[in-house]
Amino acid sequence: MKKELSLAEVKKIEIEILDYIVSVCEANNLRYFLAGGTLLGAVRHGGFIPWDDDIDINMPRPDYDKLVEIMRNVNGRFMLKAFEISEDYVYAFAKMVDTTTELIEKDIPHPGYGLFVDIFPLDGLPNDESERKRFQDKLWKYNNMLGYSIQKSAAHKNLIFKIKYIFSKCIGYKRLLKLIGRNAKSYLYELCDYVAVVTTAVNKYSKIPRELYESSTYLSFEGKEYSVPEKYDEYLTGLYGDYMKLPPEDKRISNHNFAAYKFEE
């Protein structure tokens, strides 16, 4: 038996997942930071952006890798999905999943998991600008190929898409995940002036001063305090510009299209 969850129930469970991640991080002295729209929501709304429904966190690569190892053999309500430990996982970043729930996302070409919180590793970037762009170009290419490789079909797509689809399918998502994972760690986090999330095809030339993550503070998110970069204003300005200004009403929509269920005994 399973019961469909309301948006309010979805958000409540996502907070429970976040609290579990925080408990693991605190018990093992691992750094984590609210990120992206989650951090923007904390600053501007004190919680979820009203038209948003997910939670993202960033972890410096050394802490992220330790989390993967800690969670490798953990089985219970909350489980970490990462390609290093999950045979059927198709992303180069991790998700902490609530196994008592089921998430069915429309237009997603792989079996659904439960409700989750995304965990993105922050990787070091080359200090030289031209080298940095070459590095990010390469990761961008691999991430896009990964996207093609997990598509179920190229039907009704144009010729260019079909060529990229066939080529990426031949390489296979598992090989591409290993390529992304290995290349993402090319530059030691602690020795780099800039860091970024390079395990997704988003914000191609993003670069964040590593010093932003050298100190943290806490902000309220849905009534609880969570770790954020102390210089969160600099981070959000770089990401969104005038981040306190609300977008036009027609842009205040969720990008997620899913149904979520809770298993019942």
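What counts and how
Residues numbered from 1 in each chain as written. Predicted model: local features only at pLDDT ≥ 70, side-chain atom pairs only at ≥ 80, totals over all residues. Heavy atoms only, no water. Helix = DSSP H or I, 4+ residues; strand = E, 2+ residues; numbered from the N terminus. Rg over C-alpha atoms; globule rule 2.2 N^0.38 Å. Buried < 20%, exposed > 50% of the residue type's maximum accessible area, 1.4 Å probe, protein only. Contact = heavy atoms within 4.5 Å. Areas by Shrake-Rupley, 256 points an atom, 1.4 Å probe, with all protein chains shown as cover. Core = buried A, V, L, I, M, F, W, Y, C linked by side-chain atoms within 4.5 Å. Axes fitted to C-alpha atoms, helices over the stretch in contact; angles between N-to-C directions. Parallel < 35°, antiparallel > 145°, perpendicular 65-115°, else oblique. Left-handed = near helix turned anticlockwise from the far one by under 90°. Nonpolar A, V, L, I, M, F, W, Y, C, P; charged D, E, K, R; others polar. Phe/Tyr/Trp six-rings, centres within 6.5 Å; stacked < 30°, edge-to-face > 60°. Lys NZ or Arg CZ within 6 Å of the ring centre and 35° of its normal. Expected span 1.5 Å × (residues − 1). Arc of directions from axis to C-beta. Polar contact = N/O pair within 3.5 Å; in protein donor to acceptor, adjacent residues only side chain to side chain.

(A) Quick look at the overall build of the chain. Helix and strand counts for the chain come out as seven helices and 12 strands. Whereas a compact globule of 265 residues would reach a radius of gyration of roughly 18 Å, the chain reaches 19 Å, a difference of no more than 12%. If one aligns the C-alpha atoms of the chain with their principal axes, the spans along those axes are about 50 × 45 × 45 Å. Residues classed as buried in the chain amount to 47% of the 265 residues present. Counting contacts in the chain only where the partners sit at least 6 residues apart, residues at least 24 apart contribute 66% of the total. Surface exposure of the chain reaches about 13700 Å², of which carbon and sulfur atoms provide 51%.

(B) Fine view of the nonpolar core. Counting 75 residues, the largest nonpolar core has L34, M59, L80, I119 and Y213 as the members making the most contacts within it. Top contributing element to this core by residue count: helix α1 (residues 7-27), with nine residues. Setting aside residues up to four positions removed in sequence, Y213 forms contacts with F33, N58, L122, Y189, V195, I208, P229 and Y235.

(C) A look at the packing of helix α2 (residues 36-45) against helix α7 (residues 232-240). The contact between α2 and α7 brings their axes to 11 Å, and the two run at 120°. With respect to their mutual orientation, α2 and α7 come out oblique. Crossing angle aside, the handedness with which α2 passes α7 is left-handed. Contacts from G36, G37, L39, L40 and V43 of α2 reach α7 at Y232, Y235, L236, L239 and Y240. Across the contact of α2 with α7, the residue classes break down as eight nonpolar, two polar and no charged.

(D) The arrangement of the packing of aromatic side chains in detail. Taken as a whole, this structure holds 11 aromatic pairs when the rule is applied. Taking the centre distance of 6.0 Å and the plane angle of 40° together, the rings of Y89 and Y113 count as tilted. One end of the pair, Y89, is in the loop between β4 (78-81) and β5 (94-98); the other, Y113, is in the loop between β6 (101-105) and β7 (116-124), and 24 residues separate them in sequence. Ring centres 5.3 Å apart and planes at 25° place the aromatic pair Y91 and F93 in the stacked group. Here the aromatic cluster, defined as three or more aromatic residues joined through ring pairs, consists of Y89, Y91, F93, Y113 and F120. Its guanidinium or amino end placed over the ring of Y91, K95 lies 4.9 Å from that ring's centre, counting from NZ or CZ. K95 extends its terminal NZ or CZ atom over the ring of F116, reaching a point 3.6 Å from the ring centre.

(E) Spotlight on unusual backbone geometry. A positive phi angle, close to 55°, is found at N29, a residue other than glycine. Structurally, the position occupied by N29 is in the loop between α1 and β2 (33-34). At N203, a position not held by glycine, the phi torsion is positive, near 55°. Following the sequence through the fold, N203 ends up in the loop between β8 (194-196) and β9 (208-209).

(F) Just α1, in detail. For α1, which comprises 21 residues, the first-to-last C-alpha distance of 30 Å matches the rise-based estimate of 30 Å (1.5 Å per residue) to within 8%. Within the span of α1, buried status applies to V10, K11, I13, E14, I15, I17, L18, I21, V22, V24 and C25. N29, located one to two residues past α1, shows a positive phi value of around 55°.

(G) Focus on helix α5 (residues 159-171). Helix length check: α5, at 13 residues, gives a terminal C-alpha distance of 19 Å against a target of 18 Å (1.5 Å per residue), a fit within 8%. For α5, the full list of buried residues reads F161, Y165 and S168. For α5, the buried positions fall inside an angular range of 75° around the axis, keeping them on one side. Exposed and oriented more than 90 degrees from the buried face of α5 are L159, I160, I166 and C170. Those residues of α5 that are buried lie in contact with α4 (129-149) and α6 (173-184). Its side-chain oxygen 3.3 Å from the backbone nitrogen of I160, N158 forms the N-cap of α5. G172, located one to two residues past α5, shows a positive phi value of around 90°.

(H) Expanded view of the packing of α4 against α6. Between α4 and α6, whose axes approach to 9 Å, the crossing angle comes to 160°. For the element pair α4 / α6, the angle class is roughly antiparallel. Crossing geometry of α4 relative to α6 is assigned as left-handed. Where α4 abuts α6, its residues F135, K138, L139, Y142, N143, M145, L146 and S149 lie against Y173, L176, L177, L179, I180, N183 and A184. Looking at side-chain class alone, the contact of α4 with α6 contains 11 nonpolar, three polar and one charged residues.

By themselves these figures say nothing about function.
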